[in-house]
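# Architecture and fold: a report
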Amino acid sequence: MEMLGRADWQEFLEAPFAMLMLGKTGCQACEQWTEELKSWDIPDGVRIGKILLDTPGMGRFKIAHPWVSEVDVLPYNALFVDGELVKQWAGGGVTRLENRLKRFL
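Throughout this description, residue numbers start from 1 for each chain and increase along the sequence as written. The model is predicted, so local features are restricted to residues of pLDDT at least 70 and side-chain atom pairs to those at 80 or more, both for listing and for counting; the totals for chains, interfaces and linings are taken over all residues. With hydrogens and water excluded, all non-hydrogen atoms of the structure serve as input to the side-chain values.

Further remarks concern the side chain of Lys-50. Tracing the backbone through its elements, the reader meets Lys-50 in strand β3 (residues 46-52). To sort residues, take the accessible area from a 1.4 Å probe on protein chains only and compare it with the maximum for the residue type: under 20% means buried, over 50% means exposed, and anything in between is partly exposed. Taking the relative accessible area as the measure of exposure, Lys-50 reaches 3% and is therefore buried. Engagement of the side chain of Lys-50 in a polar contact is seen with the side chain of Glu-31, the distance being 3.3 Å. Contacts were defined at the residue level, with two residues in contact if any of their heavy atoms lie within 4.5 Å. Here Lys-50 is in contact with Met-1, Glu-2, Met-3, Leu-4, Leu-20, Met-21, Cys-30, Glu-31 and Thr-34, once residues within four sequence places are set aside. Helix and strand definitions here come from DSSP, where helices need a minimum of 4 consecutive H or I residues and strands a minimum of 2 consecutive E residues; each element is numbered from the N-terminal end. Under the rule applied, a polar contact is a pair of N or O atoms within 3.5 Å (in protein, one hydrogen donor and one hydrogen acceptor; residues adjacent in sequence only if both atoms are side-chain atoms).

Next up on the list: helix α2 (residues 28-38). Buried within α2 are the following residues: Cys-30, Trp-33, Thr-34 and Leu-37. The arc enclosing the buried residues of α2, seen along the axis, measures out at 105 degrees, which places them on a common side. Residues of α2 that are exposed and angled more than 90 degrees away from the buried face: Gln-28 and Gln-32. Check the buried side of α2 and you find it contacts β2 (17-23), β3, β4 (76-81) and α4 (94-102). Arc, as used here, means the arc of the directions from the helix axis to the C-beta atoms.

Strand order across the open sheet formed by five strands is β1-β3-β2-β4-β5, with mixed pairing between neighbours. The two strands at the open ends of the sheet, each matched to only one other strand, are β1 (2-3) and β5 (84-90). Bridge count for β1 against β3 is two bridges, and the pairing is parallel. Residue pairing in the sheet places Glu-2 in a bridge with Gly-49 of β3. Paired strands, as defined in this entry, are two strands with at least two bridges between them according to DSSP.

Below, the structure written as structure tokens:
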């Protein structure tokens, strides 16, 4: 899992397959989902990244992706294919993630 900041989020989202997890510092559910993702056997060609929304300097990310302002449940996930947002969902669960990836891989 890649921890993303203001210098690298844009390049990350332009990958062929990128799953972005949004969280906040101190979010217990976010930490549990992070640990589950770290132990998951990530398919070849898929990048997994995490942005903490309360990290200073993420304003450009939030401006570029206005849907983030509507996120009210964390963790929140977004799947990007070649830079295009194709799927969004709240919560964790590797099985849910795998089912969503199967549609695009």
